[in-house]
Amino acid sequence: MVKYNLRPMELDEFRLLYKRIVSDFSQGEYAPYPIIYQHLQAGLQKAMIFTADDQDRAYSICTDNNDNAYVLISLLAVFREYRGQGMGSAFIERLCLMYKDKQALLVEVERPDQAKTKQDGDVRRKRIEFYEKAGFYLIENVDYSIWDIPMHLMALPLIASKETISLEIKGSMYALYLSLLGEAFIHKMQFEVDLDY
């Protein structure tokens, strides 16, 4: 039986991890190396390594330092050679255990309807399907973008109900990004919620 675990990434591992990030995500989906490194060093974000039988298999970078107890999974990827083996689902299960006292896990996914190519649209749809399979749902009636990239927000409730998440999502995302972007760049997050649905 495979033994799964989570461990915090050490800062001296980040240079190699960043190479994986560049390979796993499209440009614009991740911040430059010095910014993520600074966030990790300051404790604004956490990098976690998912292991199977003590061998590294996947990683995530999460923001969980806000007062409202929501966790934003900024990046999550299984090492390419281990994809399709259930590692991603097992990783999310471990993150749920780690953050069991938080309101919900949140992810941003690029909108398939905004893709420039069919291939890009298919990749975006697969991401949404992966998160839905893990228990996330698309938060309805939200028009959201970050750095001028239209996104869907998805949530996996841990304590909060879907109704609570709908009411708190704008304030939660603002608090999460204010710590990362600061006052000078918080305007790069655009958010509209229609509560009259």
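Predicted, not measured: the structure shown is a model, and the values here were computed from it.

A short note on helix α5 (residues 162-181)
Across its 20 residues, α5 extends 27 Å between first and last C-alpha, which sits within 8% of the 28 Å expected from 1.5 Å per residue. When the local axis directions of α5 are compared, the greatest deviation, roughly 55°, occurs at Glu168. Within the span of α5, buried status applies to Ile165, Ser166, Ile169, Ser172, Met173, Leu176, Tyr177, Leu180 and Leu181.

A short note on the packing of aromatic side chains
One pass over the full model with this rule turns up eleven aromatic pairs. Centre to centre, the rings of Tyr33 and Tyr37 are 5.9 Å apart; their planes meet at 20°, and the pair counts as stacked. Of this pair, Tyr33 and Tyr37 are both found in helix α2 (residues 33-42), four residues apart, which corresponds to roughly one turn of the helix. In this structure Tyr37 comes out as partly exposed when scored by relative accessible area, which is 26%. Judged by centre distance (5.1 Å) and plane angle (65°), the ring pair of Phe130 and Tyr131 falls under edge-to-face. Feature note: the residues Phe14, Tyr18, Tyr30, Tyr33 and Tyr37 constitute an aromatic cluster, connected by ring pairs. Between Arg20 and the ring centre of Phe79, over which it is positioned, the NZ or CZ distance is 3.5 Å. Geometry around Tyr82 places Arg57 over its ring, the cationic atom sitting 3.9 Å from the centre.

Describing the nonpolar core
Counting residues in hydrophobic clusters, the biggest one holds 24 residues, and the most contacted among them are Ile73, Leu95, Leu105, Tyr131 and Phe136. Elements with a contribution of two residues or more to this core: β2 (46-52), β3 (55-63), β4 (70-78), α3 (87-98), β5 (104-110), α4 (118-133) and β8 (149-157). Not counting residues up to four positions away in its chain, the partners in contact with Tyr131 are Leu76, Ile92, Val107, Val109, Phe136 and Met154. Core analysis: the second largest hydrophobic core is formed by 20 residues, Leu72, Met151, Ile169 and Met173 among them.

Concerning α3
Taking 1.5 Å per residue, twelve residues should reach 16 Å; α3 reaches 16 Å between its end C-alpha atoms and fits that length. For α3, the set of buried residues is Met87, Gly88, Ala90, Phe91, Ile92 and Leu95.

So, unusual backbone geometry
The backbone phi angle of Asp54 is positive, close to 65°, even though this residue is not glycine. Secondary-structure assignment places Asp54 in the loop between β2 and β3. For Asp54, a relative accessible area of 57% corresponds to the exposed category. At Asn141, a position not held by glycine, the phi torsion is positive, near 60°.

Regarding the side chain of Glu29
Position of Glu29 among the secondary structure elements: in the loop between α1 (14-24) and α2. Among the polar contacts made by the side chain of Glu29, one reaches the side chain of Arg127 at a distance of 2.5 Å.

A word on the environment of Val78
Mapped onto the elements of the fold, Val78 is located in strand β4. In this structure the C-alpha to C-alpha distance between Val78 and His152, which are 74 residues apart in sequence, comes to 21 Å.

Let's talk about the state of the cysteines
Counted according to the given criterion, the structure contains zero disulfides. With no disulfide partner, Cys62 has as its closest neighbouring cysteine sulfur the one in Cys96, 11 Å distant. Look at Cys62 and you get buried, because its relative accessible area is 0%.

Conventions and cut-offs
Counting of residues starts from 1 at the beginning of each chain's written sequence and follows it residue by residue. Local features in this predicted model are restricted to residues whose pLDDT is 70 or higher, and side-chain atom pairs enter the listing and the counts only when it is 80 or higher, whereas totals over whole chains, interfaces and linings include all residues. Heavy atoms from the whole structure form the basis of all side-chain values; hydrogens and water molecules are not counted. The numbering of helices and of strands both runs from the N terminus, where a helix is a DSSP run of H or I of at least 4 residues and a strand a run of E of at least 2. Each helix should span, by expectation, one fewer than its residue count multiplied by 1.5 Å. Note that the bend at a residue is defined as the angle between axes fitted to the seven residues ending at it and the seven residues starting at it. Think of it in three bands: with a 1.4 Å probe and only protein chains considered, a residue is buried below 20% of the maximum accessible area for its type, exposed above 50%, and partly exposed in between. Geometry of aromatic contacts follows a simple scheme: Phe, Tyr and Trp rings, the Trp one being its six-membered ring, pair when their centres are within 6.5 Å, and the pair is stacked under 30 degrees between planes, edge-to-face over 60, tilted otherwise. Counting as a charge over the ring demands two things of the Lys NZ or Arg CZ atom: a distance within 6 Å of the ring centre and an angle within 35 degrees of the ring normal. Residues grouped as a nonpolar core are buried Ala, Val, Leu, Ile, Met, Phe, Trp, Tyr and Cys residues, joined through side-chain atoms within 4.5 Å. Residues count as neighbours in contact if any of their non-hydrogen atoms are within 4.5 Å of one another. Polar contact criterion, stated in full: a pair of N or O atoms within 3.5 Å, where within protein one must be able to donate a hydrogen and the other to accept it, and residues adjacent in sequence count only if both atoms are side-chain atoms. For this text, the term disulfide refers to a pair of cysteine sulfurs within 2.5 Å.

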